[in-house]
Amino acid sequence: MIEIKDVSFSYGQTRVLQDLTLEITQGTFLAMMGANGSGKSTILKLVNAINTPDKGDVTVFGMNTGDPENTYEIRKKAGLVFQNPDNQIIASTVEEDIVFGMENIGMDRMAMKRKLSRIVEFAGLKGLEKKNPLMLSGGQKQRLAIASILVMEPEILLLDEPMSMLDPEGQLEIMQLLRKYHRANNTVILVTHDIEAALFAEKICLIRDGRVELMGSTPIVLPKLRHYREVEVTDWALGRVI
Amino acid sequence: MIAFKNVTHYYSKNTPFETLALKDLCMTIKKGERLAVMGRTGSGKSTFAQLASGLIRPDSGEITVDGIDTKEKKDSHQLQKKVGLVFQYPESQFFMPTVKEEVAFALDNFEIEDPGERLTTNALTSVGLPARIMQRNPFSLSGGEKRLTAIASIIVWNPDYLFLDEPTAGLDARGRKRVLNLLQRLEENGTAIVVITHDTRLVKDNFPRIVVLSGGKTAFDGETRDFFKERELMKKTGIFEPFRILAASS
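Chains are numbered independently. Their residues run from 1 in the order of the written sequence. Whichever chain is written first becomes A and whichever ligand is written first becomes 1, with later ones labelled in order. Note on the predicted model: pLDDT of at least 70 is required for a residue's local features to be given, and 80 or more for side-chain atom pairs to be given and counted; whole-chain, interface and lining totals, by contrast, use all residues.

Caption draft 1: Local environment of the overall build of chain A. Tallying secondary structure elements over chain A gives nine helices and ten strands in all. Relative to its length of 242 residues, chain A is compact, with a C-alpha radius of gyration of 18 Å against a globular reference of 18 Å. Across the 242 residues in chain A, those meeting the buried criterion constitute 48%. We call two residues in contact when the distance between their C-beta atoms, placed using the backbone, is within 7 Å. Considering only contacts within chain A whose residues lie at least 6 apart along the sequence, 65% involve residues at least 24 apart. Strands here are runs of E lasting at least two residues and helices are runs of H or I lasting at least four, both read from the DSSP assignment and numbered beginning at the N terminus. C-alpha atoms define the radius of gyration in this analysis, and the globule rule sets the expected value at 2.2 Å times the number of residues to the power 0.38. Between the buried cut of 20 or more and the exposed cut of 12 or fewer other C-beta atoms within 10 Å of a residue's own C-beta lies the partly exposed class, and all C-beta atoms are placed from the backbone.

Below you can see the structure in the form of structure tokens.
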């Protein structure tokens, strides 16, 4: 459960969010849309406790992100994936990258091995364990970035346009992975400009002028998005919901 | 005209990591032309753009830009002025402390006068960035604003050939439209536009010519509408609309 209540946030003099309120229940697949600079990425960073609000509260499973004591637990529960997987991959083999987070918290070796083999299977990375991440395709790299987060078993996955740099095969692989993860009652928040990707979410929210402009189930919200210039609603996407 | 003659390029040549990027590529790009380059990740698209702009030099074969051989170091300044390249990741391009200085840098570099900062302001306005962000640090911008700043910092000096690597990635619909309108205007002024992209919809609707690369070779070079009739070739080269495929399978 994520609760964002009356949150305002600025970068220096630039106000990004203004009294924003948003509740996301556990197990939701939410597509977050909005103009460039509307504050979508800022919301993800607030949930992940990278940023804390200037005003208002953000709580993740009841833990307030403003309390530094909660930061570690919140980041364990809510993993954040960036647009460019190269910003996230740090080790010289696929398996080293996946186990990095577990090694960091001093996890038992046997448990680590079990989790590694499970996540490699889940993310479709079997056979690539000894490969240098630099040699992977774009889709494989992004799946590795996601696997390295998922191995810590977060219940919330926050993704900031994870598919915009990938080729069509890579995009398809990521969306299939997200759907599989979501089916296990996990929360997915996907920031995207692509209405055809948003179509696969249960809910869509539109951020505008630092506030939530629209929020609701995909078949209800998607047709309304036609009235907003920052979103391109294709006939194909519209045809899927009406 | 840009001409590639039997161009081959490797990364990490003669090391255990040697990777073939392009093999015997032959093609030409005429002034004022608009074309899209597509293909899987790793098919050689970005290498192609970097070779054309003289950022890297081919291992074998020859690339000429209006007769200038990109291997000739003495002509590199002239070459850089002719060919502009907007990088896939805008951050790779930024190094100045403010948006304004970032956009104006190339003018300084090419000794182009900018009385009253008219060129700098025009470049920012034409990509739709508001004047208020001129004093901001480029790294503090949102993803979409960074991309528009990167485009502005190249079009400011009006190169004859403009290569854009994933120019619409991360842009909202308005930003996307603005970039497309801008490309149209530049083309009308005689600039050759080459986009490297995975965005099938963008290419179908806006680019008359398509070059498809596969494993470093040309799999297709011709009219876009002809390529999108070749279902087998589309499948073989990995070009499709992913979410429509997903919808069809679920």
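Continuing now.
Caption draft 2: View of the overall build of chain B. Helix and strand counts for chain B come out as ten helices and ten strands. Relative to its length of 250 residues, chain B is compact, with a C-alpha radius of gyration of 18 Å against a globular reference of 18 Å. Principal axes of the C-alpha set define a box for chain B whose edges measure 55 × 50 × 40 Å. Here chain B holds 250 residues, and the buried ones make up 44% of them. Contacts in chain B between residues far apart in sequence, at least 24 positions, make up 66% of those at least 6 positions apart.

Caption draft 3: Structural view of the interface of chain B and chain A. With 30 residues of chain B at the contact, the number on the chain A side is 31 residues. Broken down by secondary-structure element, the contributors of at least two residues to the side of chain B that touches chain A are helix 5 (143–155), helix 6 (173–188) and helix 10 (242–249) of chain B. By residue number, the principal contributor to the side of chain B that touches chain A is helix 10 of chain B, which donates six residues. Residues are grouped as follows: Ala, Val, Leu, Ile, Met, Phe, Trp, Tyr, Cys and Pro are nonpolar; Asp, Glu, Lys and Arg are charged; every other residue, Gly included, is polar. Looking at the side of chain B that touches chain A residue by residue, the class counts come to eleven nonpolar, eleven polar and eight charged.

Caption draft 4: Geometry of the pairing of strand 6 (residues 83–86) of chain B. Residues and elements named next belong to chain B. Going residue by residue along strand 6, you find Val83 and Leu85 tucked away on one face and Gly84 and Val86 tucked away on the opposite face as well. By this definition, two strands are paired if DSSP reports at least two bridges between them. Judged from the four bridges that link them, strand 6 and strand 7 (residues 161–165) form a sheet pairing that is parallel. Across the sheet, residue Val86 finds its bridge partner in strand 7, namely Leu164.

Caption draft 5: Geometry of the sheet that holds strand 2 (residues 14–24) of chain A. Residue and element names in this part refer to chain A. Read from one edge to the other, the open sheet built from four strands follows the order 2-1-4-5, with strand pairing classed as antiparallel. The strands lining the two open edges of the sheet, one partner per strand, are strand 2 and strand 5 (63–64). Of the pairings in the sheet, the one linking strand 1 (residues 2–11) to strand 4 (residues 55–60) comprises five bridges and is antiparallel in character. Looking at strand 4, one finds that Ser8 is bridged to Lys55.

Caption draft 6: Geometry of the nonpolar core. As used throughout, a nonpolar core is a set of buried Ala, Val, Leu, Ile, Met, Phe, Trp, Tyr and Cys residues joined through C-beta atoms within 7 Å of each other. Met32(A) and Leu158(A) are the most contacted members of the largest nonpolar core, which totals 74 residues. With six residues, helix 5 (residues 138–150) of chain A is the single largest residue contributor to this core. If we skip the residues at most four places from it in the chain, Leu158(A) touches Leu44(A), Val47(A), Asn48(A), Ala78(A), Gly79(A), Leu80(A), Val81(A) and Ile189(A). Residues Leu25(B), Ile29(B), Phe87(B) and Ile193(B) belong to the second largest nonpolar core, which totals 61 residues.

Caption draft 7: Just the pairing of strand 3 (residues 29–34) of chain A, in detail. All names here are of chain A. Within strand 3, six of the six residues are buried, which leaves it mostly tucked inside the rest of the structure. Burial along strand 3 is two-sided: the residues Phe29, Ala31 and Met33 and Leu30, Met32 and Gly34 are all buried. Here four bridges tie strand 3 to strand 8 (residues 187–191), and the two strands are oriented parallel to one another. Following the sheet pairing, Met32 is matched in strand 8 by Val191.

Caption draft 8: Quick look at unusual backbone geometry. Positive phi values are uncommon outside glycine, yet Asn185(A) reaches one of about 60 degrees. Tracing the sequence through the fold places Asn185(A) in the loop between helix 6 (168–183) and strand 8. With phi around 55 degrees, Glu117(B) is a residue other than glycine that occupies positive phi space. Examined against the element boundaries, Glu117(B) turns out to sit in the loop between helix 3 (99–109) and helix 4 (118–126).

Caption draft 9: Here's a closer look at the packing of helix 3 of chain B against helix 5 of chain B. All names here are of chain B. Interaxial angles span 0 to 180 degrees and are taken between N-to-C directions of axes, which are lines fitted to C-alpha atoms, for helices over the stretch in contact. Viewed as axis vectors pointing N to C, helix 3 and helix 5 meet at an angle of 30 degrees, and their least axial separation amounts to 7 Å. Overall, the two elements helix 3 and helix 5 adopt an arrangement that is roughly parallel. The two elements helix 3 and helix 5 meet at a crossing, and its hand is right-handed. Between helix 3 and helix 5, the contacting residues are Val99, Glu102, Val103, Phe105 and Ala106 on the first element and Thr149, Ala152 and Ser153 on the second. Classifying every residue of the contact of helix 3 with helix 5 gives five nonpolar, two polar and one charged. Note that the term roughly parallel is reserved for angles under 35 degrees, roughly antiparallel for angles over 145, roughly perpendicular for angles of 65 to 115, and oblique for everything else. Handedness of a helix crossing follows the sense of rotation of the near helix relative to the far helix, less than a right angle counterclockwise being left-handed and clockwise being right-handed.

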